[in-house]
Amino acid sequence: MESKSDSLIAYNVLEKKIINSGFCTLCGACEAACPVSAIQIEGEKVRRLHDCSKDLDLCPICYSMCPHSEALLLRSLKCVSGAPIRHEELGYYRKIVLAQAADPKLREQSHGGAVVTSLLTYGIEKKVFDSAIVSQAEPENPAKPKAAVALVPDDILSAVGSKFFPSSVAKAYGGAVYGYGKTKIAFVGVPCHVLALRKMEAWQHKISGNLAITIGLFCFGTFSLSPLLEHIEKTYKIKPSDIKQMRLSKKFVIQTENDVIRIPLSEIKDHILPSCRTCTDFTAELADISVGTAYPLKDWSTVIIRTKAGEDFFYDAVENGVISTWVIEEEPNVFERVIVAAAQKRTSALKEAKKMEAIIGFLPVLMLRESDALAKIKVEEIMTRNIKTVLHNITVSQFLDLVTRYHHISYPVINESGEPIGIATLEEAAKVPKEKRNDTLVSQITRPELVVAYPGETALDVFKRMSEHETGRILVLDPTNPKKLLGMVTKTDLMHTLTDNIENI
Ligand SMILES: Cc1cc2nc3c(=O)[nH]c(=O)nc-3n(C[C@H](O)[C@H](O)[C@H](O)COP(=O)(O)OP(=O)(O)OC[C@H]3O[C@@H](n4cnc5c(N)ncnc54)[C@H](O)[C@@H]3O)c2cc1C
Ligand code: SF4
Ligand code: SF4
Ligand code: SF4
């Protein structure tokens with residue numbers, strides 16, 4: 001059992017729960033935040049340089065900053081919770097658009113719209129920030145990311161493209177502050193990287209005030225470097241130094257000087273890091289600006305603008321001709337894919353989380369957890385009352401139009417009397433072949449099982465029911481007339497409630 005003093009020194013908990021359990025994604029936030037430089041990321045390992053408990057009897061920092069610990073999670077949400085739109089799968093946001101770098105040469109080098117590279121280059125040139133944390137390719141092993149402090153546009157250009165292995169970007173952020181004395185830093189990373197930085201802000205860590213803007217990348221997961229490269233060498237006889245590029249489409253594409261290999265994702269899924277299996281954040285929900293692919297469109301990226309700072313910066317770049325934009329509502333396929341991917345990641349993470357918790361007794365967290373604060377809040381205080389419903393006899397095409405217009409992914413289905421008869425989701429609608437969508441009724445894709453709550457129940461009851469049924473939404477019915485729909489509570493509503501009540505947690 002953990003002794004009291006063990007748990008007061010965060011490193012002991014970090015080591016036991018995160019590092020030794022295989023949940024570390026090597027971001028380096030613990031190294032950057034440690035007040036006595038006791039931790040170092042070395043290669044693919046976190047190393048303790050000296051025993052800090054000899055000098056300190058209490059330090060909560062490294063475990064709290066780790067993006068895979070439950071600490072500070074809800075407090076970190078504050079950075080985006082002022083946004084006007086609250087979406088079940090995409091988090092808080094102000095706008096979603098399609099975007100691409102105006103420079104076609106740049107787009108050629110990237111696999112998307114090269115939006116990140118353009119924004120960073122623009123920001124450095126215009127002195128919006130004084131440096132940027134990027135992930136370049138290691139010269140002797142191009143698949144391997146090397147987190148770096150970019151000071152000039154050339155440093156940013158050499159980081160174009162995605163590398164699907166862990167990058168110690170939070171460590172590099174610490175290096176930008178301590179090593180280079182930078183005070184306005186742009187930060188690019190996958191969702192857990194962004195969370196680490198947001199935790200520093202929530203903690204008011206002394207280096208967090210140097211963060212100017214965070215750009216988050218959509219992320220399905222990262223691979224464990226050595227095991228995957230060994231697999232590729234053994235199976236396909238490709239040495240790490242021969243890999244010129246890795247790309248993700250329906251398959252994992254490896255390009256060498258003379259060849260292109262397409263590996264099915266099912267073949268390499270066991271090399272995805274354990275933390276990624278329980279990670280629920282696909283779109284970097286805490287970033288100022290989130291960027292992902294815009295499949296099936298080539299050359300474009302999907303951009304989710306979440307904060308006012310992100311919006312001002314992004315549109316400044318647009319107005320100056322660096323970035324071109326396009327309306328996402330004109331490309332319903334793209335929008336549909338983003339929310340389906342986010343929903344699928346969340347659902348599979350919840351399932352995996354349940355399994356892992358049963359085996360190891362705890363869980364590294366990127367999700368809402370039970371909290372006493374939820375027991376103090378009544379459903380009637382947090383439910384959304386004027387919810388959008390759909391009639392059972394509209395077609396799937398009409399339903400998809402509504403999804404595009406309102407950006408929700410699921411709707412209560414009602415009969416002519418206004419009584420709820422089930423739930424229709426984008427996921428189910430997407431399974432109907434395109435040519436049959438005009439002839440298929442919503443009633444044919446409606447899931448009849450209703451997960452419900454009543455106004456007098458607590459938010460904790462709702463949370464437990466959501467976990468039990470693995471759903472992110474619950475209908476609220478009138479207890480005196482259970483056929484009368486009063487409203488709905490979503491998981492985002494619960495998160496929002498908790499962030500509003502953060503002082504009580
Ligand atoms: C591990 C990983 C998984 C991803 N999974 C998906 C996905 O499933 N679906 C989807 O739509 N998009 C995914 N993306 C995002 C996508 O690949 C692009 O990064 C994103 O669309 C931005 O494109 P861009 O052309 O604007 O970026 P670019 O202009 O090419 O810039 C890319 C930036 O990404 C940074 N970067 C590269 N590799 C890493 C890394 N390992 N860690 C931190 N930063 C890095 C670089 O610093 C660079 O600045 C993933 C990205 C990564 C790194
Ligand atoms: S001193 Fe450093 S290693 Fe020790 S608990 Fe604090 S942050 Fe962790
Ligand atoms: S903070 Fe980052 S590097 Fe440190 S243990 Fe957590 S995931 Fe690993
Ligand atoms: S899936 Fe989640 S935990 Fe894994 S790298 Fe992406 S953001 Fe981090």
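Now for a look at the structure at hand. (Residues numbered from 1 in each chain as written. Chains lettered and ligands numbered in written order. Predicted model: local features only at pLDDT ≥ 70, side-chain atom pairs only at ≥ 80, totals over all residues. Heavy atoms only, no water.)

Side note on the packing of aromatic side chains
Describing an aromatic ring pair means giving the distance of the ring centres and the angle of the ring planes. Throughout the structure, instances matching the rule amount to ten aromatic pairs. Between Phe223 and Phe252 the ring centres are 5.2 Å apart and the planes differ by 55°, which places this aromatic pair in the tilted class. Here Phe223, found in the loop between strand 9 (211-217) and helix 11 (225-236), pairs with Phe252, found in strand 11 (residues 251-255); they are 29 residues apart in sequence, far enough to count as distant. The pair formed by Phe223 and Phe252 is uniform in burial state, with each residue classed as buried. Chaining the aromatic ring pairs together yields one cluster made of Phe164, Phe220, Phe223 and Phe252. (Phe/Tyr/Trp six-rings, centres within 6.5 Å; stacked < 30°, edge-to-face > 60°. Helix = DSSP H or I, 4+ residues; strand = E, 2+ residues; numbered from the N terminus. Buried < 20%, exposed > 50% of the residue type's maximum accessible area, 1.4 Å probe, protein only.)

A few points about the site of ligand 3
With respect to spatial proximity, 13 residues lie near ligand 3, and among them Cys24, Cys27, Gly28, Cys30 and Cys66 are the closest. Secondary-structure elements contributing two or more residues to the shell around ligand 3 are helix 2 (10-19) and helix 3 (29-33). Partitioning the shell around ligand 3 into residue classes produces ten nonpolar, three polar and no charged. (Near = heavy atom within 4 Å. Nonpolar A, V, L, I, M, F, W, Y, C, P; charged D, E, K, R; others polar.)

Thoughts on the environment of Met246
Mapped onto the secondary structure, Met246 falls in strand 10 (residues 245-248). Judged by its relative accessible area of 5%, Met246 is buried. With 15 residues separating them in the primary sequence, Met246 and Ile261 have C-alpha atoms 9.6 Å apart. When near neighbours in sequence (up to four residues on either side) are disregarded, Met246 contacts His111, Ala143, Ser162, Phe164, Phe165, Leu229, Ile232, Phe252, Val253 and Ile254. (Contact = heavy atoms within 4.5 Å.)

Observations regarding the site of ligand 4
Every residue close to ligand 4 is listed here: His68, Pro191, Cys192, Cys219, Phe220, Gly221, Thr222, Cys276, Cys279 and Lys345. Among the residues making up the shell around ligand 4, the classes are represented as six nonpolar, three polar and one charged.

Regarding the environment of Ala150
Assignment of secondary structure puts Ala150 in strand 7 (residues 141-150). For Ala150, a relative accessible area of 0% puts it in the buried group. Separated by 114 residues in the primary sequence, Ala150 and Pro264 place their C-alpha atoms 34 Å from one another. Excluding residues that lie within four positions of it along the chain, Ala150 makes contacts with Ile124, Ser131, Ala132, Val134, Asp155 and Ile156.

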